[in-house]
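What the coordinates show
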Amino acid sequence: MTNQTSLRDSPSDIAALSEQFSRLPQFRSTNRPFIVDNPYHRPMNPDALLGLDWGHPLTEGTFTSNDSLIVNRLLMNVYESDALFLPEAGLKRFESEFVDFYHQDSKVLGDRIRPTAENFAFGFLDDSVGVSGKWDEDSLRAHLRHAVDQADHGGRPVFDAILSARDLKVAASTQIVQMALDGLTEATAMAQNLGGAFGPEQSELFKIFVDEFGYGVFSAKHSTLFMDMCRSVGMSTTPHHYWFFYLPSSIAINNYFYWATRNRTGFFRYIGAMAFLEASFASFFEELNKVFREAYGETVDTRYCGEHAHIDQHHGRMAVEDLLIPLARKHGPVAAKGLLQGVEEIQLLARLGDADLLAQLTWDPALIDQVVATERTGPVTEIDSDTAFDTEVASADTRIQVLGGEALLYNSATGDPLRVPQGKAVIVPAGRLYGIRADHRTQITKEPVA
């Protein structure tokens, strides 16, 4: 049998290929913090990709790192080149970008990078989530019920943080931004598992898919309901308008489902992860409905949450009793192991993602005085209104100082940026996502806090 690993490009080849991919027109930089009305423009940082050490994949400890952000942005662009995006106002303004995004050369290059990028992003799961022993339909059902019960009654620190935030609307919108990764394209990954021939379970999966798409009624489609919720609170409905403000964990969890469906041997993993989420979503969305009402008042359209709180009671039962259990019964140990692997993996990713979002929600950046000039070690960088905007995750506690002019520090998509004038600084904690821009010529330094 051919050793599939030997068919992959070397780390140095992948570094060059990923840099080449990131320099394609659709991934060009911008000096703006938002991507307005253009579903094809997804900026990537070629220098960051070129500097990535592909020989050292992510671990559980680096799942929310800047390396994770870089690779998961790349992977999302590869995956979503298989999904059709058309601008809500029509294609006329974006014809060339439409062609660029779906160009065959771009797809071939992305597919060459994809296996290595997937191993880099998700290879740690095999070590972090070990499945052993004998599992049958009864033990699987009992394990899943226990996991769902823990999820339903284990507390929701993220919701508590939103409700205790200084600005409830900004905190709630941070949650919505992370949800938009899936909410605006809901069930797209699921669609990749609808083809082929795998018996009655194929039809059961299709039933869930049809529900997600509103039984063919656009106004009832789950993504439409999500868009209505966004509009009701003044947020954009263009896919990836908030590109720079997705946390690495949020992109990675969304990518996980593409990974599991693009690689057919991940089918059982996908069903396990999907079944767990469907079985635990009803209570999640029931509580989220209350959080959004508290944050926005009666103006928010929460039908998206209400629909999930209702329909996922049925989807949970269907996914477990009509999909997961019959697949385990029919296909034996390989299926049972994959199903359980998916259940455990999505729980791990959800815990890591909740911790990432909680830390971002509770970070409230504040001005401090600069250190004296003799203690500065970082190089001086000059930025202005034409400088490319980007966000990154701090690898260590980082002091950003403004030596001349005024900088704007962004740590959320909808909150006002913190203005950092000349002579002041701000500390970015390790692991936090942030971006810096300036309206006029400004000199800054970045350096680890001693």
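Everything below is about the structure printed above this text.
The model shown is predicted, which means the values in this text are computed figures rather than measured ones.

Some details on the sheet that holds strand β5 (residues 406-410)
Read across the open sheet, the four strands follow the order β3-β8-β5-β6; overall the sheet is antiparallel. Whereas interior strands pair on both sides, the edge strands pair on one side only; in this sheet they are β3 (391-393) and β6 (418-421). Put simply, the sheet's adjacent strands are angled 30° from each other on average, direction ignored. Here four bridges tie β5 to β6, and the two strands are oriented antiparallel to one another. Bridging across to β6, Ala407 finds its partner in Val420. Sitting on the sheet, helix α3 (residues 66-80) touches β3 and β8 (433-437), and the angle it makes with β3 is about 130°.

Section: the packing of helix α9 (residues 168-183) against helix α12 (residues 222-232)
Working note: a packed helix pair is described by the angle between its axes plus the distance between those axes. One way to put it is that α9 packs onto α12 with a least axis distance of 10 Å and a crossing angle of 155°. Relative to α12, α9 is oriented roughly antiparallel. Between α9 and α12 the crossing geometry is left-handed. For the pair formed by α9 and α12, the contact residues are Ile176, Met179, Ala180 and Gly183 on the first element and Ser223, Phe226, Met229 and Cys230 on the second. When its residues are assigned to classes, the contact of α9 with α12 shows six nonpolar, two polar and no charged.

Things to note about the sheet that holds strand β2 (residues 380-383)
Spatially, β1-β7-β4-β9-β2 is the arrangement adopted by the five strands of the open sheet, whose pairing is antiparallel. Edge positions in the open sheet fall to β1 (367-369) and β2, since each of these has one partner strand only. On average, each strand axis in the sheet is tilted by 35° relative to the strand beside it, whichever way the strands run. Two strands pair when backbone bridges link them, and β1 and strand β7 (residues 424-428) are joined in this way by three bridges, in the antiparallel orientation.

Conventions we followed
Residues numbered from 1 in each chain as written. Predicted model: local features only at pLDDT ≥ 70, side-chain atom pairs only at ≥ 80, totals over all residues. Heavy atoms only, no water. Pairing = 2+ DSSP bridges. Helix = DSSP H or I, 4+ residues; strand = E, 2+ residues; numbered from the N terminus. Axes fitted to C-alpha atoms, helices over the stretch in contact; angles between N-to-C directions. Contact = heavy atoms within 4.5 Å. Parallel < 35°, antiparallel > 145°, perpendicular 65-115°, else oblique. Left-handed = near helix turned anticlockwise from the far one by under 90°. Nonpolar A, V, L, I, M, F, W, Y, C, P; charged D, E, K, R; others polar.

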